Amino acid sequence: MNWDDIKIFLEVARAERLSTAAKRLTMDASTVSRRLHKLEESIATKLFDRTQDGHVLTPDGEMLLTSACKMEQDAQHALSSIHNNNEENCGLVRIGVTEALGNFFVSPNLLTLQQQHPSIDVHLLLFSRYVKISRNEADIAIAVERPKSTSMIVSKLCDYKLQLYVHQDYLDHNLKQYPQGITLDNLAEHKWVTYVDNLIFTDQLSYIKELDRYLSGELKANFSSTSIISQYFAIKSGLGIGILPCFLADQDKSLIKLHSQDITISRSFWLVTHPESKRLSHVNTVWQYLKQLVLEHAELLNPKE
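Rules used throughout
Residues numbered from 1 in each chain as written. Predicted model: local features only at pLDDT ≥ 70, side-chain atom pairs only at ≥ 80, totals over all residues. Heavy atoms only, no water. Helix = DSSP H or I, 4+ residues; strand = E, 2+ residues; numbered from the N terminus. Buried < 20%, exposed > 50% of the residue type's maximum accessible area, 1.4 Å probe, protein only. Areas by Shrake-Rupley, 256 points an atom, 1.4 Å probe, with all protein chains shown as cover. Lys, Arg positive; Asp, Glu negative; His and termini not counted. Charge placed at Lys NZ, Arg CZ, Asp CG, Glu CD. Domains from an automatic or database assignment. Contact = heavy atoms within 4.5 Å. Buried area = accessible area lost by both parts, 1.4 Å probe. Phe/Tyr/Trp six-rings, centres within 6.5 Å; stacked < 30°, edge-to-face > 60°. Axes fitted to C-alpha atoms, helices over the stretch in contact; angles between N-to-C directions. Parallel < 35°, antiparallel > 145°, perpendicular 65-115°, else oblique. Left-handed = near helix turned anticlockwise from the far one by under 90°. Nonpolar A, V, L, I, M, F, W, Y, C, P; charged D, E, K, R; others polar. Disulfide = S-S within 2.5 Å. Pairing = 2+ DSSP bridges. Polar contact = N/O pair within 3.5 Å; in protein donor to acceptor, adjacent residues only side chain to side chain. Core = buried A, V, L, I, M, F, W, Y, C linked by side-chain atoms within 4.5 Å.

*Asks:* In this structure, what is going on with the overall build of the protein? I would like to understand it.
*Replies:* On a plain count of helices and strands, the protein comes out with twelve helices and eleven strands. Reported as C-alpha extents along the three principal axes, the dimensions of the protein are approximately 75 × 45 × 35 Å. When the 305 residues of the protein are sorted by exposure, 49% land in the buried category. A total of about 15800 Å² of accessible surface is found on the protein, and carbon and sulfur atoms cover 49% of it. Across the protein, the mean location of the 32 positive side-chain charges is 1 Å away from that of the 37 negative side-chain charges.

*Asks:* Explain the domain arrangement of the protein here, please?
*Replies:* Interface size is often expressed as the accessible area that is lost when the parts come together. Split by domain assignment, the protein resolves into domain 1 (3–82), domain 2 (90–157 + 271–297) and domain 3 (160–267). Placing a centre on the C-alpha atoms of domain 1 and another on those of domain 2 gives a separation of 24 Å. Listed by partner, the interface residues are 13 residues for domain 1 and 13 residues for domain 2. The junction of domain 1 with domain 2 conceals about 960 Å² of combined surface from both sides, 43% of it contributed by carbon and sulfur atoms.

*Asks:* Looking at this structure, I do not really get the packing of aromatic side chains. What am I missing?
*Replies:* The description of an aromatic ring pair rests on the distance of the ring centres and on the angle between the ring planes. In the structure shown here, the tally under the stated rule is nine aromatic pairs. Taking the centre distance of 5.5 Å and the plane angle of 55 degrees together, the rings of F9 and F48 count as tilted. Of this pair, F9 sits in helix 1 (residues 3–15) while F48 sits in strand 1 (residues 48–51), and the two are 39 residues apart along the sequence. Each member of the pair, F9 together with F48, is buried. Relative to F247, the ring of Y160 has its centre 5.9 Å away and its plane inclined at 65 degrees; by these criteria the two rings are edge-to-face. Pair noted here: Y160 is in strand 6 (residues 153–167) and F247 is in helix 9 (residues 246–249), with a separation of 87 residues, a long-range link. Comparing Y160 with F247 shows no difference in burial state: the two are buried.

*Asks:* What's the story with the packing of helix 1 against helix 2 (residues 18–25) in this structure? I'm lost.
*Replies:* Each packed pair of helices is defined by two parameters, the angle between the axes and the distance between the axes. The interhelical angle for the contact between helix 1 and helix 2, taken along N-to-C directions, is 130 degrees, at an axis separation of 8 Å. Here helix 1 is positioned oblique relative to helix 2, judged by the angle of their axes. Handedness of the crossing formed by helix 1 with helix 2: right-handed. Here helix 1 contributes K7, I8, E11, V12, R14 and A15 to the contact with helix 2, which in turn contributes L18, T20, A21, R24 and L25. Looking at the contact of helix 1 with helix 2 residue by residue, the classes come out as six nonpolar, one polar and four charged.

*Asks:* Looking at this model, I keep getting lost on helix 5 (residues 99–106). Mind explaining?
*Replies:* Three- or four-residue spacings in an α-helix give side chains the same orientation, since the helix completes a turn every 3.6 residues. Among the eight residues in helix 5, six count as buried, and that is most of the element. Inspection of helix 5 places A100, L101, G102, F104, F105 and V106 among the buried residues, and these make up the whole buried set.

*Asks:* Got a minute to help me understand the state of the cysteines in this structure?
*Replies:* Structurally, a disulfide amounts to a covalent bond that connects the sulfur atoms of two cysteines. Considering all chains together, one arrives at zero disulfides under this definition. In this structure C158 is a free cysteine whose sulfur lies 12 Å from that of C246, the closest cysteine sulfur available. Under the relative-accessibility criterion, C158 is labelled buried at 11%. Residue classification places C246 among the buried positions, given a relative accessible area of 0%.

*Asks:* Sorry if this is basic, but what is going on with the pairing of strand 2 (residues 54–57) here?
*Replies:* Within a regular strand, side chains alternate between the sheet's two faces. Note that strand 1 and strand 2 share four bridges and pair antiparallel. Bridged to D49 within strand 2 is V56. Turn length for the strand 1-strand 2 hairpin, with the two strands adjacent in sequence and antiparallel, is two residues.

*Asks:* In this structure, what is going on with the environment of E145? I would like to understand it.
*Replies:* With respect to the secondary-structure elements, E145 resides in the loop between strand 5 (140–143) and strand 6. Judged by relative accessible area, which is 22%, E145 ranks as partly exposed. For the pair E145 and D49, spaced 96 residues apart in sequence, the C-alpha separation works out to 30 Å. Apart from residues lying up to four places away in sequence, E145 is in contact with Y130, T202, Q204 and W270. A polar contact of 2.4 Å, which involves the side chain of E145, links it to the side chain of T202.

*Asks:* Any chance you could explain the nonpolar core here in plain terms?
*Replies:* A general trend in soluble globular proteins is that nonpolar side chains are found buried together. If you look at the biggest cluster of nonpolar residues, it comprises 62 residues, and the most contacted ones within it are I142 and F247. Residue contributions to this core reach at least three from each of two domains, namely domain 2 (90–157 + 271–297) and domain 3 (160–267). With residues up to four places along the chain from it excluded, the contact list for I142 reads I95, G96, V97, T98, L101, V106, L157, F269, W270, L271 and L290. If you look at the next biggest cluster of nonpolar residues, it comprises 21 residues, including F9, A13, A15 and L36.

In structure tokens:
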């Protein structure tokens, strides 16, 4: 069995789309398809169901994926261990994280890590779904929900708060209709910016349900997006009221926090990694750095008001 064919199989399994895998592999899609068919012929089984939604693993494909990921991890860890015998804290660490935390918290706070450990390289991978550590998509994942897998190392990173935010432009535009401002009584009457409810990958992002006890009517979303960054810019443009993480919105002085004494939503982030990855010095160093980082910025993540 050709290891290069296994690498192609792994990339298609992760991407679930031939075109995406081909781009990552810097190969033609036709070449990737041909190599996959060659691999299937060599082991006399079908590894993928080709559907309109992409390449879906068959039961045999799932079995091969488990073994192939283990082969890849063992090879990577062996190379890293050999390298670390000569130099500690040297190598690449891939962090899988949500776009809000990645863009507004992790990325702006990596300078100290770079200064302390210049031989550690970081790839920040932004996901709007669960990061599949078992498929070796990342070395460390920062998850918004505690994983159910017992084979991974899981540690609570921190709690964080979310609040209601609005821009002054929205208040000015609605001043005539609501001269008293945005009150708890008229909150449901306003325009709202939210997630697309049926496309949320975890209930941890379904914030609107927690507002029901505060509202005197049913809330209607006038703008929805699968991206929290899009929601942030929509709120910032004056499109409506929305719920944002404080670590994101509090850094923008043009946004106004609403009813912070009455309405607070709390969530948690979790660190996840594979046991073999955690043993590598550079992965463990980044893991510990992230743990220290949230302690140093506790007020931003979990403000008292």
